[in-house]
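The primary structure of each chain is shown beneath.
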Amino acid sequence: MKKNFIFMGFILLATLLSPLSAQETSPAADTYEYNLVLTDIMGIRAPYISNNYAVFTAPVTSNSIGIAFDFEEFRTIHYFQLRKNYGYEGDVTSSYYFYIAEIPKKRSRLCYRLIIDGLWTIDPQNPNQIYNEVENYSLSYIDLPPEEIEITEKLANGLTHFVCHSESGKKIRLGGTFTNWDSWIYEMKETEPGKYVLDIPLHPGTYYYSYYNGITAFLDETNPSRGYSTDGRIVSCITIK
């Protein structure tokens, strides 16, 4: 009984963690979200989007399959993994290649080429293709869903969430009528390259504010509402209800 339990555990583990192509190790994927995407792969199909990942599959009709992307200028080849599904008796019921790619930010389309047994080609599982007239070859592509742009707004927890999109590595500050226009009280935090955020409590009312980089004041581009400061400058405006 103990041997059967160990054997079935091995089958389950092998189903989720398949052997790799000998030409490259697996991408780092020790994340809960990645594992959810992995377990949801049901077989060979056209590439699709799942959470923040693009999923590619291919039949086991070749020794190796690689994929190269336009955002990497096709300089890196990422190799597919082989996945085997096992039956109760331990026999292989199905197998296929797969690759899971994290979707790059700020792109509306993901273009790529496959490398099947060393030959560059389009993806046979994907009907979406475009022709590159300059390089004289065809590309497969996936249209990506639009990103949700983080904006300045009141949060459900009662705090007001300020967002600034600027150059990375800056010291962005926030000042307004709620600080008597003192811009040195609040410094925003850069949570990812070029995105600065700050959450502060504000009572209901209308407030005027600006972002600051050094002594330069600029508007909040995520908030289209505008107003005038007492010295006649155009500033951003937010109403908290």
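Everything numeric in this text was worked out from a predicted model, so none of it was measured. Sequence order sets the numbering: in each chain, residues are counted from 1 along the sequence as written. A pLDDT threshold of at least 70 governs which residues receive local features in this predicted model, and a stricter bar of 80 or more applies before side-chain atom pairs are shown or counted, although totals over entire chains, interfaces and linings include all residues. Only hydrogens and water are set aside when side-chain values are computed; all heavy atoms of the structure are taken into account.

## Quick look at the sheet that holds strand 5 (residues 81-86)
Okay, so step 1: Pairing is antiparallel across the open sheet formed by 4 strands, whose spatial order is 1-2-6-5. Each edge of the sheet is formed by a strand with only one pairing partner; in this case those strands are strand 1 (48-50) and strand 5. Neighbour-to-neighbour, the strand axes of this sheet turn through a mean angle of 40°, independent of strand direction.
Okay, so step 2: Only strands joined by at least two bridges in the DSSP assignment are considered to pair. We count a stretch as a helix when DSSP gives it H or I for four or more residues in a row; a strand needs E for two or more, and each element gets its number in order from the N terminus. Here 6 bridges tie strand 2 (residues 53-58) to strand 6 (residues 92-102), and the two strands are oriented antiparallel to one another. Each axis is a line fitted through C-alpha atoms, and for a helix only the stretch in contact is used; angles between axes span 0 to 180 degrees, taken between their N-to-C directions.

## A few points about the sheet that holds strand 15 (residues 189-192)
Okay, so step 1: If you walk across this open sheet you meet the 4 strands as 11-12-16-15, and the pairing is antiparallel. Looking at the sheet topology across the chains shown, the edges are occupied by strand 11 (153-154) and strand 15.
Okay, so step 2: Sheet topology note: the strand 12 (residues 159-165)/strand 16 (residues 195-201) ladder contains 7 bridges and is antiparallel. Across the sheet, residue Val 163 finds its bridge partner in strand 16, namely Val 197.

## Side note on unusual backbone geometry
Okay, so step 1: Positive phi values are uncommon outside glycine, yet Asp 117 reaches one of about 50°.
Okay, so step 2: The exposure class assigned to Asp 117 is partly exposed, which follows from its relative accessible area of 42%.
Okay, so step 3: The phi dihedral of Asn 180 falls on the positive side, at around 55°, and the residue is not glycine.
Okay, so step 4: Secondary-structure assignment places Asn 180 in the loop between strand 13 (172-176) and strand 14 (186-187). With a 1.4 Å probe rolled over the protein chains alone, any residue whose accessible area is under 20% of its type maximum counts as buried; one over 50% counts as exposed, and the rest are partly exposed.

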